[in-house]
Structure formats: C-alpha cells, structure tokens
Amino acid sequence: MANRWINQLTERDVTEEAAYLNRRQIIGGAAAGLALMAQGAGAQEALTPSEWEDITQYNNYYEFGTDKGDPARYAGALTTAPWTLRIDGLVDRPGDYAFEDIMKAMTIEERIYRLRCVEAWSMVVPWNGFELADLLNMAGVQSGATYVAFETAYRPEEMPGLRFPVLDWPYVEGLRLDEAMHPLTIMATGIYGRDIPNQNGAPLRLVVPWKYGFKSIKSVVRVTLTDSQPPTSWNKAGPREYGFYSNVNPEVSHPRWSQADERPIGGGLFARRQPTLMFNGYAEEVAGLYEGMDLTANF
Ligand SMILES: Nc1nc2c(c(=O)[nH]1)N[C@H]1C(S)=C(S)[C@@H](COP(=O)(O)O)O[C@H]1N2
Ligand SMILES: [Mo]
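(A) Seen up close, the confidence of the model for the protein chain. When the pLDDT values of the protein chain are averaged, the result is 85; 82% of them are 70 or greater. Ranking the elements of the protein chain by mean pLDDT puts helix 3 (residues 30-38) last, at 35, and strand 5 (residues 147-152) first, at 99. Predicted confidence is poor over residues 26-56, with pLDDT under 50, and the contacts of this stretch with residues over four places away or in other chains come to 38 contacts.

Shown next, in the form of structure tokens:
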C-alpha cells in the first residue's frame, strides 16, 4: 500500500511498560504517589512480571464499572474467543467475520505502531495491529459511505457495569470516513508485544492517536459504513462537553478543565506537565483533514 505511515517514534520514546500498567499509582493522587515513593526511586523499573499481574490498573471501560480499578477487576470474565466482527452498511462484502480470519487477512507483516496517546496524562504505547483502512478495504467500501460507526460488545452476563445507566449502551463511536482511512488510525490487537489485556479492549480496539482517549472504542463487535454522522456515547452523554470530532486541541478547553497541558507517564512522579500539542503532535499528518473547518465549533 502506498500511504503507509512510517514510525517516527523509536523504542526509546516508548513509555516503560511497568509505568504504563502502573499509571493509577502515578496519577492517582498523593497517597498512592507517596506509597510508590516509599518503595524508593526506580521502584517502577524493579517490578517483576508477577508484580505486573498484581498491579491495580487504571482504565476506563465503563461496561465493567466506573471505578478506574473495575476493568482490571472484572474484565477477565469477558469471553474474547471466539470473537466475531460484523461489518455492514455501505460495503460490498458485509458479513460476520471471525477474528482469526481477519487476523489471517491482515497479517501482511508484524507491525508495531508506536503512537502517542493523551487525555490529561500522555504516553507512547507500542501497539500491534493493522490499519483500519485495510479492514475496510477488505469489506469493500461503497462510494456513498461517508462515516464509520463502531459498537462495543453488549454482554450483561459478563459486563457488570451495564446494569448502570451511566452511558447509553452499547458503547458506540464514530469517525468520518477520511479519518477512518488515515494510516494513523489502527485496530489494535496487541500491546507491548502481547495480546491486549481484556481491560484495554481485547481482542480488537480502535486507536486514533490524534483524538482524546475516549474515541478509542474497546472490544469492537460491529463496524458499519454509513452516509450520515453516527452517534457517539460521550456526545450523547454530554453534548456540550464531548463533540463528535474530539481532536486533541490545546486551544479548546473542555468546559470544566483546560486541555492545554498533560503529564507524561513514566517520567517519574514529579515529571513536569508539558504543553499538549495540536492533534497530539500529529498535525503534519492529519491537519489537512480539517482544512477550512472551525475546530472550536467542531470540537
Ligand atoms: N467500550 C468502551 N470503550 C472505551 C471506554 C469505555 O468505557 N467503553 N472508555 C474510553 C475512554 S474514556 C478511554 S480514556 C480509553 C482508555 O483506554 P485504556 O484503558 O486502554 O487506556 O478507552 C475508551 N474506550
Ligand atoms: Mo477517557
């Protein structure tokens, strides 16, 4: 394919895995922070693999509860194999695609995408996966399609958080077709060289590195090509706070907090906040998608 994205970030830019897994303690406030300090400098690096398993993780996956520790606690119950992805709407080859078949079709070569992600804190995560464009091309996008809608699994018997109407279930997200086809938009199946943990969206989750974290919908069961802008969970929950685009934009504040800076994870407990970059540092790649648009109105 012609327009493959080339990794600009190297191994050295990647947030250390223990720091990534441990981010609750790093950003979880003074008490947790001091506990980490008490273990001495370098405690993060000294973690053993079995300690990694024990680490209380910090995730947003409301299907398992709204506490940051709930996904790690409960997502183990999610059955991720077998997994079927329905691709439908304006495509030539709609259908229920088995996860294994997708993986066979997509594994052109082992690819690692080192991508920045940001939402208050920031990090660089090495994902394994494939470009969403490849998946969409496999299904054959029809000319009338202008948007892509995504849906997470809805499994009340496996997802205790679904009992609570905090969001309108199932979790849904959407992208404009050109955003979806951009080579920086990936479907991730692995992280740090292993399968994605359930709490991070196994077996298949979206990653859109120039948008805030909530656009990265987890455990996707359905991808639908449409000709109108699809609803998104957070926009439905709070339309004044969360727009359809949700592009990282330091100049547009969330109504309740500034989005001008971020704390890098893995830089140590007292790592200085750093300015957030337009489109999370990917302006050169993606700014063209929004040429002529008012990004304050289209937040
Ligand atoms: N299905 C689903 N996907 C989701 C969420 C969710 O609650 N349910 N939370 C979102 C939010 S708010 C964030 S910040 C990211 C967090 O992903 P991570 O836990 O892998 O960092 O997942 C996003 N995807
Ligand atoms: Mo989030």
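(B) Molecular detail of the nonpolar core. Grouped together as the largest cluster of nonpolar side chains are 77 residues, with contacts concentrated most on Trp127, Leu132, Leu135, Phe150 and Trp210. Per-element tally for this core: the top contributor is strand 4 (residues 121-131), with 6 residues. In contact with Leu135, other than residues within four places in its own chain, are Leu85, Ile87, Ile102, Met106, Phe130 and Met187.

(C) Representation of the pattern of salt bridges in the model. In the structure shown here, the tally under the stated rule is 15 salt bridges. For Glu11, the salt bridge identified is with Arg114, shortest N-O distance 3.9 Å. Taken together, the positions of Glu11 in the segment before helix 1 (17-21) and Arg114 in strand 3 (residues 112-119) put the pair 103 residues apart, joining distant regions of the chain. Look at Glu11 and you get exposed, because its relative accessible area is 59%. For Arg114, a relative accessible area of 15% puts it in the buried group.

(D) Quick peek at the sheet that holds strand 5. Overall, mixed pairing links the 5 strands, which are arranged 2-1-10-5-6 in an open sheet. Edge positions in the open sheet fall to strand 2 (95-98) and strand 6 (172-176), since each of these has one partner strand only. The average angle at which neighbouring strand axes cross in this sheet is 20°, direction not considered. Its contacts with the sheet put helix 6 (residues 99-106) on strand 1 (84-89) and strand 2, and the angle it makes with strand 2 is roughly 75°. Against the sheet, helix 7 (residues 132-139) touches strand 1, strand 2, strand 5, strand 6 and strand 10 (220-226), its axis set at about 65° to strand 1.

(E) Fine view of the site of ligand 1. The environment of ligand 1 is made up of 17 residues, and the closest members are Asn59, Tyr62, Glu63, Ser216 and Lys218. Thr152 is positioned such that a nitrogen or oxygen atom in its side chain is 2.9 Å from a nitrogen atom of ligand 1. Contact distances for ligand 1 include 2.8 Å between a nitrogen atom and a backbone N or O atom of Ser216. Isolated, ligand 1 exposes 530 Å² of accessible area, and the fraction of that covered by the protein chains is 94%. Split into classes, the residues belonging to the shell around ligand 1 amount to 6 nonpolar, 6 polar and 5 charged.

(F) Structural detail: the side chain of Glu179. Along the chain, Glu179 turns up in helix 8 (residues 177-181). For Glu179, the side chain forms a polar contact with the side chain of Tyr290, separated by 2.4 Å. Among all residues touching Glu179, those that are not within four sequence positions of it are Thr185, Trp210, Lys211, Phe244, Tyr245, Asn247, Leu289 and Tyr290.

(G) Region of the structure containing the packing of aromatic side chains. Taken as a whole and judged by the stated rule, the model has 8 aromatic pairs. Summarising the aromatic geometry, the rings of Phe244 and Tyr245 are spaced 5.2 Å apart at their centres and angled 90° between planes, so their arrangement reads as edge-to-face. Residue Tyr245 is classed as buried on the basis of its relative accessible area, which comes to 7%. Their ring planes at 90° and their centres at 6.0 Å tell us that Tyr245 and Tyr290 sit as a pair that is edge-to-face. With a gap of 45 residues between them, Tyr245 in the loop between helix 9 (233-237) and strand 11 (261-264) and Tyr290 in the segment after helix 10 (283-286) connect regions that are remote in the sequence. With a relative accessible area of 3%, Tyr290 lands in the buried category. Members of the aromatic cluster, each reached through a chain of ring pairs, are Tyr147, Phe244, Tyr245, Phe279 and Tyr290. Positioned above the aromatic ring of Phe244, the side-chain terminus of Lys215 is 4.5 Å from the ring centre.

(H) Structural context of the environment of Pro255. Relative to the helices and strands, Pro255 resides in the loop between helix 9 and strand 11. Judged by its relative accessible area of 44%, Pro255 falls in the partly exposed class. The residues contacting Pro255, other than those within four sequence positions of it, are Arg240 and Glu241.

Rules used throughout
Residues numbered from 1 in each chain as written. Chains lettered and ligands numbered in written order. Predicted model: local features only at pLDDT ≥ 70, side-chain atom pairs only at ≥ 80, totals over all residues. Heavy atoms only, no water. pLDDT = per-residue confidence, 0-100. Helix = DSSP H or I, 4+ residues; strand = E, 2+ residues; numbered from the N terminus. Contact = heavy atoms within 4.5 Å. Core = buried A, V, L, I, M, F, W, Y, C linked by side-chain atoms within 4.5 Å. Buried < 20%, exposed > 50% of the residue type's maximum accessible area, 1.4 Å probe, protein only. Salt bridge = Lys/Arg side-chain N within 4 Å of Asp/Glu carboxyl O. Pairing = 2+ DSSP bridges. Axes fitted to C-alpha atoms, helices over the stretch in contact; angles between N-to-C directions. Near = heavy atom within 4 Å. Polar contact = N/O pair within 3.5 Å; in protein donor to acceptor, adjacent residues only side chain to side chain. Areas by Shrake-Rupley, 256 points an atom, 1.4 Å probe, with all protein chains shown as cover. Nonpolar A, V, L, I, M, F, W, Y, C, P; charged D, E, K, R; others polar. Phe/Tyr/Trp six-rings, centres within 6.5 Å; stacked < 30°, edge-to-face > 60°. Lys NZ or Arg CZ within 6 Å of the ring centre and 35° of its normal.

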